[in-house]
Amino acid sequence: MTKHWKSLIAMAVIAWAAAPAHAETLTLASPDGKITVTVKDDGGQATYAVDYNGKQVIAPSKMGLLFAEHHGFERGLVIAGSTAASSDTTWEQPWGERRLVRDQHNELAVTFKASEGPNRQMTVRFRAFDTGIGFRYELGAQPALEGDVAIVEELTQFGVGDKTTTWYTPADGFNRNEYIYRMEPAGEVENAHTPATFKNPDGIYMAIHEAALTDWSSMSLLALRPGNFEARLRNWSGGPKVKTKPPFKSPWRTIQIAPDAVGLINSDIILNLNEPNKLGDVSYAKPGKYIGIWWAMHINDRTWASNKYHGATTAETKRYIDFAAKHGFSGVLVEGWNKGWDGDWFNNGDLFSFTEPYPDYDIKGLSKYAASKGVQLIVHHETSANLTNYEKQLEAGLDLVKSIGSHYVKSGYVSDAGDAVWVDDKGIRHYEYYDSQRMIDHHMTVIKAAAARQIAMDTHEPVKDTGLRRTYPNWMSREGARGMEFNAWGSPPNPPSHEAMIAFTALLGGPFDYTPGIFDLRPNERLPVRPDMPRGDPKNRPQTTLAKQLATYVTIYSPLQMAADLPENYEKRLDAFQFIKDVEADWEQSVALAGEVGEYVAFARQGRKSKEWFLGAVTDSEPRDLSLPLSFLEAGKKYRAQIYRDGPHAHWDYNPYDIVIEEKVVTGGEVFAVHLAASGGVAVRFIPVN
Ligand code: NOJ
Ligand code: CA
């Protein structure tokens with residue numbers, strides 16, 4: 001035998017010895033047995049697959065991690081052990097879409113050992129709920145992974161099938177998460193933000209997202225092959241995707257699964273996969289409704305800058321405080337109060353001060369005035385994504401908020417997606433993506449500093465919500481999709497399908513400070529107020545009926561809910577405004593009753609304080625007749641239903657103000673039939689008849 005043959009045989013023996021003796025298959029089922037996860041190590045690869053009612057919904061899909069300077073987990077993997085557990089608990093939210101949340105799941109933690117290279121192991125922990133699954137990587141400290149570890153690739157795949165319908169916004173664009181939703185077969189999707197929502201050819205709905213995104217970077221779904229996505233992690237500028245050190249855990253990768261579209265909404269798996277409250281008493285983070293010096297800037301009536309059209313003046317703020325007090329709003333947001341807005345603020349984030357008000361804004365006096373009327377100022381912190389400028393002033397800026405007795409900050413990170421700036425110790429500037437690990441770390445720093453001062457945050461241009469409000473309940477709301485502002489200047493504005501779309505997509509991640517409630521539906525057709533600034537394109541306007549504006553207070557959840565229009569526009573329609581005054585922002589229970597992604601959605605929510613039920617339904621450009629069983633009300637009990645519905649001639653485009661406001665007595669259990677106009681809606685308050 002030649003030397004060559006000898007060495008080949010020797011190599012084959014080594015390969016054989018290293019290969020797993022037999023492939024292992026483990027399974028995990030949801031408590032109701034409908035969802036099954038199958039985990040394998042066939043061919044040395046870690047894979048999982050998911051079935052729903054015996055039908056495959058996720059094809060066998062790879063798992064693994066690759067590192068820059070350590071051996072990763074990709075090949076030669078064998079299942080070395082597993083542990084199983086079950087849990088059924090109920091926990092209480094300080095505020096939320098429901099007070100009590102049930103967490104019932106079965107768990108399987110599978111440990112994979114690498115049979116090639118240095119000894120090392122990784123555990124993948126799976127949890128199966130009746131409404132979906134979650135899994136994450138857990139790596140313990142081990143000699144093969146000593147020191148700092150740089151993750152260069154997460155290999156998690158999601159094989160949804162190329163024919164599966166996908167609703168998503170594209171990842172990687174300059175405008176962060178603020179894109180109009182698309183509907184395409186998965187086979188045509190290149191890179192999708194999560195939550196991304198799916199309906200497969202068997203009619204089963206799914207949504208892929210993540211839970212507890214900390215100490216990692218954000219994941220998008222990158223097509224490896226048509227219909228097979230890989231977790232694409234955002235990288236550090238010029239660096240790896242994640243910088244970490246064992247022991248570490250990845251965020252949970254979540255796959256919600258349901259037989260109908262509303263089943264995705266009526267699921268708490270994202271919250272259940274987050275850690276319990278780490279802040280203790282957060283009674284300062286009270287849900288509520290607010291108004292603000294805000295829309296006036298977006299429609300060019302006023303400026304953030306301190307010229308003669310400055311919005312944030314003492315007099316104007318008093319007018320808003322008076323209006324808030326008169327109509328029962330707990331907060332007044334004031335944007336443009338602080339130095340830094342003059343000039344090109346979008347690109348000059350390093351000029352913002354978070355402690356110095358403009359001279360025409362008496363922050364201390366106004367906070368006293370507000371307090372005397374039972375109102376709190378919501379302090380605005382626009383950073384223009386200059387992280388270092390904000391981080392340097394964070395303590396002082398938040399101290400000022402605390403000192404004026406406010407418990408709320410609305411922050412903002414306006415910039416193009418890859419333009420979040422930070423300056424390192426050497427003075428070198430770095431530009432990061434808004435959903436990179438640097439940014440995620442930044443948000444956690446802010447949330448913790450705010451919590452230390454009993455301040456709640458509402459973050460605009462945020463990283464997507466992954467349920468962290470459970471762990472840090474002072475992180476009350478976020479933007480993170482196209483909000484109302486696009487209807488002032490979006491070109492194009494949000495389409496009629498938008499409200500029924502976000503319910504099944506962005507809102508699966510968490511609350512959305514959409515800032516609803518515009519009553520003047522053609523704001524850019526009014527005469528200009530500022531000679532220096534014409535109105536925007538009249539095509540930019542809310543493409544909804546007035547009734548739909550009201551309905552969104554029920555369909556779009558945010559514990560901080562704005563009435564976004566100008567006080568004078570509400571004064572003109574106090575009849576319709578009454579619903580915004582009555583509706584709550586904190587819920588005992590919430591149920592999505594009916595809907596289809598991007599077409600329509602109907603919700604019932606029970607107020608946490610009043611225990612009154614509210615109903616809201618919205619439709620896209622298709623008019624619809626809905627028959628909604630009032631099964632959430634007590635059967636046989638009578639209620640006064642205060643109904644705000646589209647009038648017979650309502651149409652978002654040419655007759656948006658046709659609204660019928662009426663009161664009817666209804667009985668719990670009966671069917672409520674209602675007509676929704678094109679891009680219309682209905683809002684109802686139910687008052688028990690004693
Ligand atoms: C974008 C935010 O979404 C909006 O609400 C705010 O008014 C502007 N940035 C200015 O900070
Ligand atoms: Ca925004």
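Residues numbered from 1 in each chain as written. Chains lettered and ligands numbered in written order. Predicted model: local features only at pLDDT ≥ 70, side-chain atom pairs only at ≥ 80, totals over all residues. Heavy atoms only, no water.

(A) Focus on the site of ligand 1. Ligand 1 sits among 14 residues. The nearest are Trp 294, Glu 335, Glu 382, Lys 410 and His 460. Interatomic distance of 3.0 Å between a side-chain N/O atom of Glu 485 and an oxygen atom of ligand 1. Against a free-state accessible area of 300 Å², the protein chains account for coverage of 97% of ligand 1. Taken together, the residues of the shell around ligand 1 break down into five nonpolar, three polar and six charged. (Near = heavy atom within 4 Å. Polar contact = N/O pair within 3.5 Å; in protein donor to acceptor, adjacent residues only side chain to side chain. Areas by Shrake-Rupley, 256 points an atom, 1.4 Å probe, with all protein chains shown as cover. Nonpolar A, V, L, I, M, F, W, Y, C, P; charged D, E, K, R; others polar.)

(B) Examining the packing of aromatic side chains more closely. Under the criterion given, the structure shown has 29 aromatic pairs. The interplanar angle of 25° and the centroid separation of 5.8 Å between the aromatic rings of Trp 294 and Trp 295 together place this pair among those described as stacked. Taken individually, Trp 294 and Trp 295 each receive the classification buried, so the pair is uniform in this respect. Ring geometry for Phe 352 and Phe 354: centres 6.4 Å apart, planes at 35°, overall tilted. Put simply, the rings of Trp 304, Trp 341, Trp 345, Phe 352, Phe 354 and Tyr 390 pair up and form one aromatic cluster. Over the face of the ring belonging to Trp 236 we find Lys 243, whose NZ or CZ atom lies 3.9 Å from the ring centre. Across from the ring centre of Trp 475, 3.6 Å away, lies the NZ or CZ of Arg 478, which sits over that ring. (Phe/Tyr/Trp six-rings, centres within 6.5 Å; stacked < 30°, edge-to-face > 60°. Buried < 20%, exposed > 50% of the residue type's maximum accessible area, 1.4 Å probe, protein only. Lys NZ or Arg CZ within 6 Å of the ring centre and 35° of its normal.)

(C) Spotlight on the packing of helix H5 (residues 314-327) against helix H6 (residues 363-372). Contact pair H5 / H6: the axes reach a minimum separation of 10 Å and the direction vectors enclose 15°. Taken together, H5 and H6 sit at an angle that is classed as roughly parallel. For the pair H5 and H6, the sense of crossing is right-handed. Note on element contacts: H6 touches H5 through Leu 366, Tyr 369 and Ala 370, opposite Thr 314, Thr 317, Lys 318, Ile 321 and Asp 322. Split by residue class, the contact of H5 with H6 holds four nonpolar, two polar and two charged. (Axes fitted to C-alpha atoms, helices over the stretch in contact; angles between N-to-C directions. Helix = DSSP H or I, 4+ residues; strand = E, 2+ residues; numbered from the N terminus. Parallel < 35°, antiparallel > 145°, perpendicular 65-115°, else oblique. Left-handed = near helix turned anticlockwise from the far one by under 90°. Contact = heavy atoms within 4.5 Å.)

(D) The arrangement of the sheet that holds strand S32 (residues 600-607) in detail. Taken together, six strands build an open sheet; the order of strands is S31-S32-S33-S38-S35-S36 and the sheet is antiparallel. This sheet does not close on itself; its edge strands, each paired only once, are strand S31 (587-596) and strand S36 (659-667). Ignoring strand direction, the axes of neighbouring strands in this sheet form an average angle of 15°. Taken together, the nine bridges between strand S35 (residues 638-646) and S36 define a ladder with antiparallel strand orientation. By the bridge assignment, Asp 646 is partnered in S36 with Ile 659. Contacts from helix H11 (residues 546-555) reach S31, S32, strand S33 (613-619), S35, S36 and strand S38 (681-688), with the element oriented near 125° to S33. The strands touched by helix H13 (residues 574-582) within the sheet are S33, S35, S36 and S38, with S35 carrying the most contacts at an inclination of about 125°. (Pairing = 2+ DSSP bridges.)

(E) Highlighting the domain arrangement of the protein chain. Here the protein chain is partitioned into domain 1 (22-272) and domain 2 (491-506 + 542-559 + 569-690). Its C-alpha centre places domain 1 at a distance of 35 Å from the equivalent point of domain 2. Contact between domain 1 and domain 2 buries roughly 1900 Å² in total, counting both sides, with carbon and sulfur atoms accounting for 59%. The three residues of domain 1 that bury the most area against domain 2 are Glu 97, Tyr 181 and Ile 265, which together make up 30% of that side's buried surface. In this assembly, domain 1 and domain 2 are joined by two salt bridges. Scanning the region where domain 1 abuts domain 2 turns up twelve residue pairs in polar contact (both at pLDDT 80 or more). (Domains from an automatic or database assignment. Buried area = accessible area lost by both parts, 1.4 Å probe. Salt bridge = Lys/Arg side-chain N within 4 Å of Asp/Glu carboxyl O.)

(F) How the structure looks around the pattern of salt bridges. Tallying each qualifying case throughout the model produces 49 salt bridges. Put simply, Arg 102 and Asp 88 hold a salt bridge, and the shortest N to O gap is 2.7 Å. Of this pair, Arg 102 sits in strand S7 (residues 100-114) while Asp 88 sits in strand S6 (residues 77-92); the two residues are 14 residues apart in sequence, bridging distant segments of the chain. Residue classification places Asp 88 among the partly exposed positions, given a relative accessible area of 44%. Notably, a salt bridge pairs Lys 664 with Glu 662, separated by 4.0 Å at the nearest N-O pair. The exposure class of Lys 664 is partly exposed, given its relative accessible area of 44%. On the accessibility criterion, Glu 662 (23% relative accessible area) is partly exposed. Sharing partners across several salt bridges, the network here consists of Glu 97, Asp 465, Arg 469, Arg 478 and Arg 605.

(G) Region of interest: the coordination of the calcium ion (ligand 2). The calcium ion (ligand 2) binds to the protein through Glu 178 (OE), Glu 461 (OE), Glu 479 (OE), Glu 479 (OE) and Glu 485 (OE); the donor distances cover 2.2 to 3.1 Å. Considering all six donor atoms around the calcium ion (ligand 2), angles at the metal cover 51 to 154° and the coordination shape is irregular. For the calcium ion (ligand 2), the donor residues sit on a single chain with the sequence spacing E-x282-E-x17-E-x5-E. Separated by 283 residues along the polypeptide, Glu 178 in the loop between strand S12 (165-168) and strand S13 (182-185) and Glu 461 in the loop between strand S28 (456-459) and strand S29 (475-478) bring together distant segments of the chain. (Donors = N, O, S within 2.8 Å, 3.2 Å for Na, K, Ca; no water. Tetrahedral: all angles 85-135°; square planar, octahedral: opposite > 155°, others 65-115°.)

(H) View of helix H8 (residues 437-452). The end-to-end C-alpha separation of H8 is 23 Å, in line with the 22 Å expected for 16 residues at 1.5 Å each. Counting buried positions along H8 gives twelve out of 16 residues, so the element sits mostly inside the fold. (Expected span 1.5 Å × (residues − 1).)

(I) Region of interest: H5. With 14 residues, H5 ought to run about 20 Å at 1.5 Å a step, and its terminal C-alpha atoms sit 20 Å apart, in line with that. Those residues of H5 not exposed but buried are Glu 316, Thr 317, Tyr 320, Ile 321, Phe 323, Ala 324 and His 327. Take H5 and look down its axis: the buried residues cluster within an arc of 165°, on one side only. What points out from H5, more than 90 degrees from its buried face, is the exposed set Ala 315 and Lys 326. Elements that come into contact with the buried residues of H5 comprise strand S22 (288-293), strand S23 (331-334), H6, strand S24 (376-382), helix H12 (567-571) and H13. (Arc of directions from axis to C-beta.)

(J) Fine view of the sheet that holds strand S5 (residues 65-67). The three strands are arranged S5-S10-S19 in an open sheet whose pairing can be described as antiparallel. Lying at the two open borders of the sheet, with one neighbouring strand each, are S5 and strand S19 (242-244). Across this sheet, the average inter-strand angle for adjacent strands is 40°, counted without regard to direction. Where strand S10 (residues 149-154) meets S19, three bridges bridge the pair, whose relative direction is antiparallel. Paired with Ile 151 across the two strands is Val 242, which belongs to S19.

(K) Expanded view of empty space enclosed by the protein. According to the stated counting rule, one finds eight cavities of 30 Å³ or more in the structure shown. As a volume, the largest cavity reaches approximately 250 Å³. For the largest cavity, the lining is made up of 24 residues, of which Glu 97, Ile 265, Ser 267, Leu 507 and Leu 508 are closest to its centre. Among the secondary structure elements, those contributing two or more residues to the lining of the largest cavity are helix H2 (261-265), helix H3 (269-272), S31 and S32. Grouping the amino acids of the lining of the largest cavity by side-chain chemistry returns twelve nonpolar, seven polar and five charged. Residue-level mapping places the lining of the largest cavity at the junction of two domains, with at least three residues from each of domain 1 (22-272) and domain 2 (491-506 + 542-559 + 569-690). Reported here for the second largest cavity is a volume of approximately 170 Å³. Residue lining of the second largest cavity: 18 residues in total, with Pro 195, Lys 464, Asp 465, Gly 480 and Ala 506 positioned closest to the centre. Looking at side-chain class alone, the lining of the second largest cavity contains six nonpolar, eight polar and four charged residues. (1 Å grid on protein atoms, 1.4 Å probe; cavity = no way out; pocket = protein on both sides within 12 Å on 5 of 7 lines; lining within 4 Å. Points joined across faces, edges and corners; volume = space filled by probe spheres on them.)

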